[in-house]
Amino acid sequence: MDTVTPDPRRWWALGALVASMLTLGFDMTILNVALPTMAADLGATTGEQQWMADAYVVVFAALMLPAGLLGDRFGRRLMLIAGLGIFLAGSVVGALAGDVNTVIAARAVMGVGAALVTPLALSVLPSLFGPDERTKAVGVMSAASALGLPLGPIIGGWLLDHFWWGSVFLVNVPMAALGIAACVFLLPETRDPASPKVDTVSTALTAAGLGVLVYAIIEAPVRGWGDPLVLVMLAGAAVLIAALVLRERRLTRPMLDMTLLAHRGFLFNTLAATLVMFVLSGLLFVLPPYLQAVLGNDALGTGVRLLPMMGGLLVAARTAQPVVARFGARAVVSAGLAVLSFAALLGSRTTVESGYGFTALWLSVAGLGFGLAVVPAMDAALGTLPADRAGSGSGLLMTLRQVGGAIGIALLGSLLAGVFRDRLDVTGLPAGAADTAGESVVAAHVVAERTGAEALVASANSAYVHGMGVVLLVCAVASLVASVLAAVFLADAKDTEELVPASADARQ
């Protein structure tokens with residue numbers, strides 16, 4: 001195995017990457033807290049709220065593979081700076097938006113920037129750090145993303161209590177500017193000119209396939225799963241994604257490197273990280289309306305009440321390295337997923353009368369499980385990558401994670417919307433008011449206030465908590481299945497380490 005010559009600036013460079021990831025982590029949760037307020041001010045339905053979250057995630061997932069290749073080819077630092085600049089521009093558009101569609105467009109632009117930043121920040125690590133330091137560096141990066149998660153709701157909540165909702169976008173501007181400055185002055189330029197070229201057709205197939213799939217999942221609860229448009233969209237998504245896989249398998253230098261998925265260590269660690277993102281994205285979508293609308297907290301209070309999850313995540317990110325060294329990545333990833341499953345099962349027992357104390361308990365356990373699963377899984381997956389495929393490999397890893405996040409928001413959000421609408425009692429309401437109340441728990445509260453239907457508030461709270469319980473139960477089952485699969489199929493450390501030289505030899 002080739003040795004990595006330590007770069008004397010590597011820890012300062014890691015600081016630049018941390019600033020970049022902090023910006024993205026910050027934005028990931030600040031919108032979740034803002035959604036109930038934005039839904040009330042903009043009149044956004046649950047589906048439109050899902051698109052405000054998913055427009056970012058779908059573009060993010062679709063463009064990460066070509067972004068990784070652009071960085072390999074033209075310079076990772078250059079593309080990082082460009083990505084942060086695009087993210088900054090999208091934030092400005094979002095802050096000035098006056099309707100739902102403009103917000104969705106701004107989120108899509110921010111997704112382009114985030115797609116450039118995330119895989120390149122990760123792909124720089126193997127060139128800066130040797131195997132002995134890389135786990136620590138991945139832990140620091142994960143902690144940076146995690147630190148942004150609680151900062152987003154808290155600062156976002158404070159902004160929403162004092163300013164208009166657009167301020168949650170505007171606050172990204174100084175964060176992105178700081179990240180750009182850190183990259184310019186601290187990060188060395190790295191590239192791999194021999195990397196595959198960006199395939200425009202494959203990029204279009206990825207974006208179209210994911211977009212159509214997410215659209216179908218979001219529209220299904222409203223139109224019905226048997227609706228012709230939904231069925232056509234699902235079939236179209238299957239055709240587009242199949243065409244992408246077939247095209248990539250025929251190319252000599254594919255953008256979507258399917259041979260990486262033949263490596264057991266990379267495949268199952270990536271699947272574990274993807275499943276965790278599926279669960280986490282769903283949790284962060286369903287929790288803020290519960291904390292804000294059902295429990296009656298303001299935006300700042302909602303952000304503060306998400307802290308137990310972030311606390312558990314930070315503890316796990318800090319302790320993951322010594323625990324993995326003692327018990328091995330397979331045991332830790334499997335245990336982390338089992339803990340996440342237990343937390344979701346506990347959360348599914350939440351009732352309207354449970355209060356915040358019970359919620360704080362299972363949120364803490366969920367954060368611990370998330371951190372224990374995702375940090376060693378990502379580190380082990382990155383450890384299988386040869387140096388010359390760091391960009392495309394980390395791009396594939398992050399793409400699949402974001403696909404998991406997008407589908408998590410779309411599928412779990414749609415499940416919640418369907419259960420909420422079915423359980424909501426709108427007896428006695430005019431047809432228009434009944435339709436509006438069924439759009440979301442926030443909308444139901446607004447209708448109740450306008451019509452004086454006090455019983456509607458109790459029905460909406462009960463329906464929402466029941467829907468959240470169903471979502472958490474699905475998360476618990478998915479996490480438990482993933483835990484068993486991880487225990488059975490994940491490679492041991494020695495098997496994972498052998499993949500790098502083997503892959504390198506195969507190309508010489």
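That block above? That's the structure.
This report concerns the structure included in the present document. Keep in mind the model is a prediction, meaning the values are calculated, not measured. (Residues numbered from 1 in each chain as written. Predicted model: local features only at pLDDT ≥ 70, side-chain atom pairs only at ≥ 80, totals over all residues. Heavy atoms only, no water.)

**Observations concerning the overall build of the protein chain**
Here is step 1: Helix and strand counts for the protein chain stand at 20 helices and zero strands.
Here is step 2: In the protein chain, which comprises 508 residues, the share counted as buried stands at 57%.
Here is step 3: If you take every contact in the protein chain between residues at least 6 apart in sequence, the share linking residues at least 24 apart comes to 84%.
Here is step 4: Summing over all exposed atoms, the protein chain offers an accessible surface of approximately 19,200 Å²; the carbon and sulfur share of this is 67%. (Helix = DSSP H or I, 4+ residues; strand = E, 2+ residues; numbered from the N terminus. Buried < 20%, exposed > 50% of the residue type's maximum accessible area, 1.4 Å probe, protein only. Contact = heavy atoms within 4.5 Å. Areas by Shrake-Rupley, 256 points an atom, 1.4 Å probe, with all protein chains shown as cover.)

**A short note on the nonpolar core**
Here is step 1: By size, the foremost hydrophobic cluster in this structure holds 132 residues, and its most contacted members are Met38, Phe169 and Leu337.
Here is step 2: Considering every element that reaches this core, the biggest residue donor is helix H11 (residues 264–294), with 18 residues.
Here is step 3: Residues in contact with Leu337, not counting those within four places in the same chain, are Ala272, Leu275, Val276, Ala373, Ser479, Ala482, Ser483 and Ala486. (Core = buried A, V, L, I, M, F, W, Y, C linked by side-chain atoms within 4.5 Å.)

**Quick look at the packing of aromatic side chains**
Here is step 1: Tallying each qualifying case throughout the model produces one aromatic pair.
Here is step 2: Where Phe420 meets Tyr464, the ring centres are 6.4 Å apart and the plane angle is 70°; that geometry is what we call edge-to-face. Here Phe420 is found in helix H16 (residues 390–423), whereas its partner Tyr464 is found in helix H19 (residues 454–489), with 44 residues between them in sequence.
Here is step 3: Taking NZ or CZ as reference, Arg107 lies 4.4 Å from the ring centre of Tyr56, over its face.
Here is step 4: The ring of Tyr356 is capped by Arg305, whose NZ or CZ atom sits 5.5 Å from the centre of that ring. (Phe/Tyr/Trp six-rings, centres within 6.5 Å; stacked < 30°, edge-to-face > 60°. Lys NZ or Arg CZ within 6 Å of the ring centre and 35° of its normal.)

**Quick word on a nonpolar patch on the surface**
Here is step 1: Residues Val477, Leu480, Val481, Val484, Leu485, Val488 and Phe489 make up a contiguous nonpolar surface patch of roughly 590 Å² in combined accessible area.
Here is step 2: Among the secondary structure elements, Phe489 is positioned in helix H19. (Patch = residues over 30% accessible without salt bridge, like charges linked within 9 Å, V, L, I, M, F, W, Y side chains within 5 Å. Salt bridge = Lys/Arg side-chain N within 4 Å of Asp/Glu carboxyl O.)

**Re the side chain of Ser91**
Here is step 1: Mapped onto the elements of the fold, Ser91 is located in helix H3 (residues 76–96).
Here is step 2: Setting aside residues up to four positions removed in sequence, Ser91 forms contacts with Met110, Phe169, Leu170 and Asn172.

**Observations regarding the side chain of Arg107**
Here is step 1: Among the secondary structure elements, Arg107 is positioned in helix H4 (residues 100–123).
Here is step 2: Apart from the residues lying within four places of it in its own chain, the contact partners of Arg107 are Asp27, Leu31, Met52, Ala53, Ala55, Tyr56 and Phe169.

**What about the packing of helix H13 (residues 307–327) against helix H14 (residues 329–347)?**
Here is step 1: For the pair H13 and H14, the least separation of the axes is 7 Å and the interaxial angle reads 125°. Between H13 and H14, the interaxial angle falls into the category oblique. In contact with Val323, Val324 and Phe327 of H13, H14 contributes Ala329, Ala331 and Val332.
Here is step 2: Looking at side-chain class alone, the contact of H13 with H14 contains six nonpolar, no polar and no charged residues. (Axes fitted to C-alpha atoms, helices over the stretch in contact; angles between N-to-C directions. Parallel < 35°, antiparallel > 145°, perpendicular 65-115°, else oblique. Nonpolar A, V, L, I, M, F, W, Y, C, P; charged D, E, K, R; others polar.)

**Considering the environment of Pro174**
Here is step 1: By the secondary structure assignment, Pro174 is in helix H8 (residues 172–186).
Here is step 2: Between the C-alpha atom of Pro174 and that of Thr23, which follows or precedes it by 151 residues, the distance is 9.3 Å.

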